[in-house]
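Remarks on the overall topology
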Amino acid sequence: YSLVLAPQWRLGLGVSATVANANYMRSYFGVTPAQSASSGYAPYTAGAGVRDVRASAALTYSVNPRVAITTVVSASSLQGDAKDSPITRKRSSATGIVGVSYAF
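Report follows, based on the coordinates. (Residues numbered from 1 in each chain as written. Predicted model: local features only at pLDDT ≥ 70, side-chain atom pairs only at ≥ 80, totals over all residues. Heavy atoms only, no water.)

1. Considering the sheet that holds strand 4 (residues 67-78)
- Read across the open sheet, the 5 strands follow the order 1-2-3-4-5; overall the sheet is antiparallel. In the strand order of this sheet, the two ends are held by strand 1 (2-6) and strand 5 (92-102), each with one partner. Each strand axis lies, on average, 20° off the axis of its neighbour in the sheet, ignoring direction.
- With 12 bridges connecting them, strand 2 (residues 9-20) and strand 3 (residues 49-62) associate as antiparallel partners. Bridge assignment links Trp-9 to a residue of strand 3, and that residue is Tyr-61. (Pairing = 2+ DSSP bridges. Helix = DSSP H or I, 4+ residues; strand = E, 2+ residues; numbered from the N terminus. Axes fitted to C-alpha atoms, helices over the stretch in contact; angles between N-to-C directions.)

2. Considerations on the environment of Pro-7
- Inspection of the secondary structure puts Pro-7 in the loop between strand 1 and strand 2.
- Measuring from C-alpha to C-alpha, the distance between Pro-7 and Tyr-61 comes to 9.2 Å, with 54 residues separating the pair along the chain.

3. Overview of the environment of Ile-69
- Structurally, Ile-69 can be placed in strand 4.
- You can call Ile-69 partly exposed: its relative accessible area is 34%.
- Between the C-alpha atoms of Ile-69 and Arg-26, which are 43 residues apart in sequence, the distance is 39 Å.
- Once residues lying within four places of it in the same chain are set aside, the contact partners of Ile-69 are Leu-59, Thr-60, Tyr-61, Val-63, Val-98, Gly-99 and Val-100. (Buried < 20%, exposed > 50% of the residue type's maximum accessible area, 1.4 Å probe, protein only. Contact = heavy atoms within 4.5 Å.)

4. Focus: the nonpolar core
- Ala-20, Met-25, Phe-29, Val-31, Tyr-44, Ala-46, Leu-78 and Ala-82 together form the largest nonpolar core, which totals 8 residues.
- For Phe-29, the residues in contact, after removing those within four places along its chain, are Tyr-24, Tyr-44, Ala-46, Arg-51, Leu-78, Ala-82, Ser-85, Ile-87 and Thr-88. (Core = buried A, V, L, I, M, F, W, Y, C linked by side-chain atoms within 4.5 Å.)

5. Section: the pattern of salt bridges
- Inspection of every chain in the model, using the stated rule, returns 2 salt bridges.
- Between Asp-52 and Arg-51 there is a salt bridge, with the nearest N and O atoms lying 2.6 Å from each other.
- When its relative accessible area of 4% is taken as the criterion, Asp-52 is described as buried.
- Residue Arg-54 pairs with Asp-52 through a salt bridge whose shortest N-O separation is 2.1 Å.
- Each of Arg-51, Asp-52 and Arg-54 takes part in a single network of salt bridges with overlapping partners. (Salt bridge = Lys/Arg side-chain N within 4 Å of Asp/Glu carboxyl O.)

Listed below in structure tokens is the structure:
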């Protein structure tokens, strides 16, 4: 969703989710019996489903018609089998970005 706050200011809001197949989930969140034997983590089979959900907000200031400065903050939370995996250390995270764009 995008909203013009003032002539030079724009606010963007978004929500999203990542859905992954079983191969992806097993590769990133599963623990095979061989991996379990060498790592000490319990064997774990992650199935297909929602990997994570995210919410973000972006604020953009247009310095002039060619230059804009954008700040973005985003929060993400693992879901389902990804969240329950024994190798998952953090179930949620936050990120921030500041960028400058120039139009040619």
